[in-house]
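Next come the chains, spelled out residue by residue.
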Amino acid sequence: MTKKSRLFGRMNAAVSFAPDGKSVAAFLLFVSMLLASLNAQVFAQSTKVTGTIKDAETGDPIVSATVMLKSKKAATTTDALGLFSISAVAGDVLVITNVGFQTLEVPVDLTAPMTIQIKATNRQLGEVVVVGYGTRKRSDITGAVASVPKTRLSQLPVTNVLHAIEGSVAGVNITQNSNVPGSSASVLVRGQNTITAGTGPFIVVDGVPFSKTGSVTNDINPNDIASIEILKDASATAIYGVNGANGVILITTKRGTTGKPVIKYNAYMGLDNLAHILDPSSPEAYVKKYADWWKQVNPTSTQTNVLPTQFERANYAAGKKVDWLDEVLQQGIMQDHNLSISGGSKDFRYYISGDFMKQQGAVKGYQYKRANLRANLDATITDYLTIGTTISYTNNNYDGGRANFYLATAMSPYGTLYDANGNYAIYPMYEELLYKNPLSGLNNDRSDRSNNLIGNGYAEIKFGGALQGLKYRFNAGYTFVTTRYGYYEGRSFDNQLGTANVSSSETNNWVAENILTYTKDFGMHHLDFTGLYSAQQRNYFTYGANATGFINDELSYNRLEAGATQTSSSYRDKYSLNSMMARVNYTYDGRYLLTATIRRDGSSVMGGNTSKYGNFPSVALGWNITREKFMQSQRVVDNLKLRSSYGMAGNEAISVYGTITTAGTVRFPFGGNSTIGVLASNLGNGNLHWESAKTLNVGIDFAVLKNRINGTLDYYSTQTSDLLLRRNLPIITGYGSILDNLGKTANRGIELMLNADVISNKDFKWQASINFATNKNKIVDLYGDGKDDIGNRWFIGKPIGIIWDYKMVGVWQEGEDASQWDPGAKPGDLKFADINGDKKITADDRTVLGQTAPKWTGGITNTFHYKNFHLNIFIQTFQGALRNNVTLTYADEAGRMNIPAETGYWTAENKSNTRPSLRYTNPRGYGYASDNSYTRLKDVTLSYVFPQSALDRMKLAAMTLYVSGRNLYTFTNWVGWDPEFNYSFRGSGDWTNNYPQTRTIVFGVNVSLR
């Protein structure tokens, strides 16, 4: 065998290794030997010059700046920390270039690492943006990639990272469905493409998948985040293939830089109170309401009691009243303490942080605690080998029994708070047994905790010599998530037998990625290539046990065997994904840009009768018009770039084992004994595969008047096919439905982001940022027969989420004849429109009243700087949506509950034409669809940055004091607690999420030690 054949044989063996420790070590050893031989002659007569390139104004490292020798063609680029290394001889001159910055020539220094500062001409163009499996300069991006303003990350105290994004990026709609401490939010990027499949974006942290690992966004400490990018079009999201149909959120955490250790302490403490109070009726109005109810229900009878129950009448006679809202609410308090240390040398960099956050909710019993630890380490082992690791641990604690906020709004003001023994009276309106004391849940024993341990590591090899520009990176990630839940309710909750349940789960997820990149400049041509092969696997296991029949409440949920009856359950599943991806970026003279990507994914959840692999291609073009010669003479337009992309992404959206037929279990009596039987559960479909979304995007980036005004404008159109829908089956088959690939949707919209330096002088600056997005989707097809699905409220040609209901036109008044129009209707009943014109109100008169998604959203941020004072004001708006208003559907439960004072009711005297009578039982299930549009003063932050003279006296490197308010005021016509939140009634949902919107005032300090 020749030397050449032996060499290539070794290379083939090295690059085809399985991702285990021995193979990696062998591969790295081989590469180091290869590089040593290739570079021996090149560096024989030269000396290595190292240094850092920084922004002269901000001091931030410049990423991907070109560093070349003036005397020859040798060149390199700076890494993510602004570091460079190049071989030079005495007398050589370095030429530093970077888009958006001035070109600088600097003589080499062979004696010490160099620190070079370059001045910005258009900082936005030179900004480096994470695009997935790499970075790109903003000027070279061809897809729709939006960056969350860094001020939202550094100057806004939030408990969840999604709260920082809310309202700040066009086309990204974040809805806070609940304000329960520790709750997250739902995210929708560019509207809804699917009907029943998941709509949330795919989240990646430090290049490693975060979604589908069992992690939640609460596990990310906002203080650790360096940047957030959102990939929106197919060109940007196609590199994530089957996970990219709903957009991708890329989160990058902070890493160490060269220099002395920097110790930072960030802390805030705040007060949390209800942003808006929907007052219940006063005690006097409550008594009047009962009298009006009696009169409407029993018009011929005389009212015998002033109030309906024994306790109420006794308290009324004694003049005893209870303000239930006051009893269930408390002063909310939140605090956060974050300590970090970062620094390093040219060979080793570190970032280590710890965070503790504690929140006491505004509703009694609700609390949240979070503890985070993170260590990001990077080490340059040799000129060509860099390794690093990220280790993070998060503990979430939601413990505690909880008060029932909904019941507090519905209880009689003449109820009884405490019994004779000083304990909470279980039934405050005895002999009424329908409503329990809203505070009795505080006596229940409840534990709810989770732990998340994440360990990621990488090794990156830079080839030199003939292979200059080639890099290989191996990423490995492991996530271990555990949850634990325990609950017990006993005699104090009127559970005379006592009920306990415990459950636990663990999720193990690992991912291994092999990434090969190659960058080459030749003349006016620039080419870079990225190749990927990755594998991911998630293993999930959960078990639970329940018991009832305890002789006392002493053991809580700690000894289930003490219960008379026990049940148990367990479940396990495994998910796997294999992926391959190739991406090519080509640039000619910085003017013409091309990006082509293809990804191939194989998923274990796909049907057994079809290929588990799918291909997801995309292509994008860009034209930097301002770099053309005909634009050089003008001085108005500083940047003008056209972008266009087209591609396909997927939505996996099938649960593990969802494609196979499964059976459940049922216990039934047989022969006098309890026996386990098998019951049909899910009818599988071996032909199932993912939904496919094809997106066209056209965009323009611009900057004018010496970059005083800049922005982006995008138009997109997405066609989604092979929707995952449940098709009904004849019940004789034993199954009601089967999941199938059916249906199509269309989704399109416009997005605008605009930034302006309105005023800029020595002492005063005013900066404004505006984002606007409009979106419209519709169902193109459902089951292939052109028919609507009325049961699910899906209509061809209409938006995916709609309100389909009767159209209310008023209230029947005394003297009006309803016998022909709506037989049985009485004065005080709701009056509905005859939509089909048959002169009677039937189910056929239901119609589409509007859509549940907003027609447009927007936000405006104004930032004012006066010397060392900074004021940031953010206003968010949400327009054109309808929601069924639960507040207006309050059922009076036969006169036994309180109602909001704001809602009111019809009487023969007030002749309300918007509210029904108290006797009205809403037999048609009308949802009271209401416009939930709103404009909200979302965030206001006033900060003071201490001047250097004061810092020198205090021996500090930096210090900022600030006060920040969140959810300060909402402009809306919505009647209820908040137009954004979801609420549910007793028996109709999860009452624990009936937690009102809160207004938060926070005082904070950020300190950096020398």
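Note that the structure is predicted; figures quoted are calculated from it, not measured.

Draft legend 1. How the structure looks around the overall build of the protein chain. A count of helices and strands for the protein chain gives eleven helices and 48 strands. Dimensions along the principal axes, computed over C-alpha positions, put the protein chain at roughly 110 × 75 × 65 Å. Look at the contacts in the protein chain between residues 6 or more apart in sequence, and 68% of them connect residues 24 or more apart. Carbon together with sulfur atoms contributes 57% to the accessible area of the protein chain, which is approximately 45400 Å² in total. Charged side chains of the protein chain number 98 positive and 83 negative; the gap between the two group centres comes to 7 Å.

Draft legend 2. Fine view of the sheet that holds strand β7 (residues 114-118). The sheet built from three strands is open, its strands ordered β4-β1-β7 with mixed pairing. Each edge of the open sheet carries a strand with a single partner, namely β4 (83-88) and β7. Between one strand and the next, the sheet's axes are offset by a mean angle of 35°, whatever the strand orientation. Across six bridges, the pairing between strand β1 (residues 47-55) and β4 is antiparallel. Looking across to β4, one finds that Lys-48 is bridged to Ser-87.

Draft legend 3. Spotlight on the side chain of Ser-353. Of note, Ser-353 is situated in strand β19 (residues 348-360). When its relative accessible area of 5% is taken as the criterion, Ser-353 is described as buried. Within the local environment of Ser-353, its side chain forms a polar contact with the side chain of Asp-224, the two groups lying 2.7 Å apart. Setting aside chain neighbours within four positions, we find Ser-353 in contact with Asp-224, Leu-339, Ser-340, Asn-372, Leu-373 and Arg-374.

Draft legend 4. Main features of the nonpolar core. Counting 38 residues, the largest nonpolar core has Val-328, Val-363, Phe-405 and Trp-977 as its most contacted members. When neighbours within four sequence positions are excluded, Phe-405 is seen to be in contact with Leu-325, Val-328, Leu-329, Val-363, Trp-977, Asn-994 and Pro-996. Residues Ala-170, Ile-203, Ile-249 and Ile-454 belong to the second largest nonpolar core, which totals 28 residues.

Draft legend 5. Representation of the packing of aromatic side chains within the structure. Counted under the stated rule, the structure contains 27 aromatic pairs. Ring centres of Tyr-290 and Trp-293 lie 5.7 Å apart, and the angle between their planes is 20°; on these two criteria the pair is classed as stacked. Taken together, the residues Tyr-290 and Trp-293, both in helix α7 (residues 283-297) and three residues apart, mark about one turn of the helix. Here the aromatic cluster, defined as three or more aromatic residues joined through ring pairs, consists of Tyr-806, Phe-832, Tyr-926 and Tyr-928. Looking at Lys-831, its charged tip hangs above the ring of Trp-812, at a distance of 4.6 Å from the centre.

Draft legend 6. Spatial organisation of the pairing of strand β25 (residues 525-548). Bridging between strand β24 (residues 499-522) and β25 involves 24 bridges; their strand directions are antiparallel. Its bridge partner lying in β25, Glu-513 is registered against Ser-534. Between β24 and the antiparallel strand that follows it, β25, lie two residues; Gly-523 among them carries a positive phi value of about 65°. The sheet contact formed by β25 and strand β26 (residues 565-588) spans 24 bridges and is antiparallel. Of the residues in β26, the one forming a bridge with Ala-545 is Ser-568.

Draft legend 7. Structural detail: the side chain of Thr-507. Examined against the element boundaries, Thr-507 turns out to sit in strand β24. Beyond its immediate sequence surroundings of up to four residues, Thr-507 is in contact with Thr-213, Gly-214, Thr-479, Phe-480, Val-481, Arg-538, Asn-539 and Tyr-540.

Draft legend 8. Structural context of unusual backbone geometry. The peptide bond linking Tyr-430 to Glu-431 adopts the cis configuration, its omega dihedral lying at 20°. Secondary-structure assignment places Glu-431 in the loop between α10 (405-410) and β22 (445-462). The phi dihedral of Lys-212 falls on the positive side, at around 65°, and the residue is not glycine. Relative to the helices and strands, Lys-212 resides in the loop between β14 (208-209) and β15 (225-231).

Draft legend 9. Structural detail: a positive patch on the surface. A cluster of basic side chains, namely Arg-748, Lys-776, Lys-778, Lys-798 and Lys-855, defines a positive patch on the protein surface. Tracing the backbone shows Lys-776 in strand β37 (residues 764-781).

Draft legend 10. Representation of a nonpolar patch on the surface within the structure. A surface patch of nonpolar side chains, amounting to about 730 Å² of accessible area, comprises Leu-594, Val-619, Leu-621, Tyr-646, Leu-696, Val-698, Leu-713, Tyr-715 and Ile-750. For the nonpolar patch, the secondary structure elements donating two or more residues are β28 (613-624), β32 (691-704) and β33 (709-721). Secondary-structure assignment places Val-698 in strand β32. By relative accessible area, which is 40% here, Val-698 ends up partly exposed.

Draft legend 11. Here's a closer look at the sheet that holds strand β16 (residues 248-253). What the five strands build is an open sheet, ordered β10-β15-β16-β13-β14; its pairing is mixed. Each end of this open sheet is capped by a strand with a single partner; those strands are β10 (145-147) and β14. Here two bridges tie strand β13 (residues 202-205) to β14, and the two strands are oriented antiparallel to one another. Opposite Val-205, over in β14, you have Val-208 as the bridge partner.

Draft legend 12. Just the environment of Gln-997, in detail. With respect to the element layout, Gln-997 can be found in the loop between β47 (956-971) and β48 (998-1009). Sequence separation of Gln-997 and Val-945 is 52 residues, and the distance between their C-alpha atoms is 31 Å. Once you skip the residues sitting within four places of it in the chain, Gln-997 turns out to touch Asn-179, Asn-273, Leu-274, Ala-275, His-276, Arg-936, Asn-967, Asp-978, Glu-980, Phe-981 and Tyr-983. A polar side-chain atom of Gln-997 sits 3.0 Å from a polar atom in the side chain of Asn-967.

Draft legend 13. Layout of the pattern of salt bridges. Tallying each qualifying case throughout the model produces 33 salt bridges. Its salt-bridge partner being Asp-383, residue Lys-48 comes within 2.8 Å of it at the nearest N-O pair. Taken as a pair, Lys-48 in strand β1 and Asp-383 in the loop between β20 (367-380) and β21 (385-397) lie far apart in primary sequence, 335 residues in all. Of the residues examined, Lys-48 reaches a relative accessible area of 38% and is grouped as partly exposed. Judged by its relative accessible area of 57%, Asp-383 falls in the exposed class. One salt bridge in this structure joins Arg-136 and Asp-528, with 3.0 Å as the shortest N-O distance. Within this pair, whereas Arg-136 is found in strand β9 (residues 135-137), its partner Asp-528 is found in strand β25, the two being separated by 392 residues in sequence. What makes Arg-136 buried here is its relative accessible area of 10%. Among the charged side chains, a salt-bridge network with shared partners connects Glu-166, Lys-938, Asp-939 and Arg-966.

Draft legend 14. A look at a negative patch on the surface. A surface patch of like charges, here negative, comprises Asp-279, Asp-323, Asp-326 and Glu-902. Here Glu-902 shows up in the loop between β44 (882-884) and β45 (929-931). By relative accessible area, Glu-902 is classed as partly exposed at 46%.

Draft legend 15. Quick peek at α7. Its 15 residues give α7 an end-to-end C-alpha distance of 21 Å, which sits within 8% of 21 Å, the value for a rise of 1.5 Å per residue. Listed as buried for α7 are Pro-283, Tyr-286, Val-287, Lys-289, Tyr-290, Asp-292, Trp-293, Trp-294 and Gln-296. The inward-facing, buried residues of α7 contact α8 (310-318).

Draft legend 16. Here's a closer look at the confidence of the model for the protein chain. Averaged over every residue, the pLDDT of the protein chain is 88; residues scoring 70 or more account for 93%. Counting interchain partners and residues more than four positions distant, the pLDDT-below-50 stretch residues 1-29 has 20 contacts. pLDDT under 50 marks residues 31-44. Its contacts with residues more than four places away, or in other chains, come to 13 contacts.

Draft legend 17. Spotlight on the environment of Pro-823. Here Pro-823 shows up in the loop between β39 (808-811) and β40 (830-832). On the basis of relative accessibility, which here comes to 58%, the residue Pro-823 falls in the exposed class. The spatial distance from the C-alpha of Pro-823 to the C-alpha of Ile-841 is 8.6 Å, given a sequence separation of 18 residues.

Rules used throughout
- Residues numbered from 1 in each chain as written.
- Predicted model: local features only at pLDDT ≥ 70, side-chain atom pairs only at ≥ 80, totals over all residues.
- Heavy atoms only, no water.
- Helix = DSSP H or I, 4+ residues; strand = E, 2+ residues; numbered from the N terminus.
- Contact = heavy atoms within 4.5 Å.
- Areas by Shrake-Rupley, 256 points an atom, 1.4 Å probe, with all protein chains shown as cover.
- Lys, Arg positive; Asp, Glu negative; His and termini not counted.
- Charge placed at Lys NZ, Arg CZ, Asp CG, Glu CD.
- Pairing = 2+ DSSP bridges.
- Axes fitted to C-alpha atoms, helices over the stretch in contact; angles between N-to-C directions.
- Buried < 20%, exposed > 50% of the residue type's maximum accessible area, 1.4 Å probe, protein only.
- Polar contact = N/O pair within 3.5 Å; in protein donor to acceptor, adjacent residues only side chain to side chain.
- Core = buried A, V, L, I, M, F, W, Y, C linked by side-chain atoms within 4.5 Å.
- Phe/Tyr/Trp six-rings, centres within 6.5 Å; stacked < 30°, edge-to-face > 60°.
- Lys NZ or Arg CZ within 6 Å of the ring centre and 35° of its normal.
- Patch = residues over 30% accessible without salt bridge, like charges linked within 9 Å, V, L, I, M, F, W, Y side chains within 5 Å.
- Salt bridge = Lys/Arg side-chain N within 4 Å of Asp/Glu carboxyl O.
- Expected span 1.5 Å × (residues − 1).
- pLDDT = per-residue confidence, 0-100.

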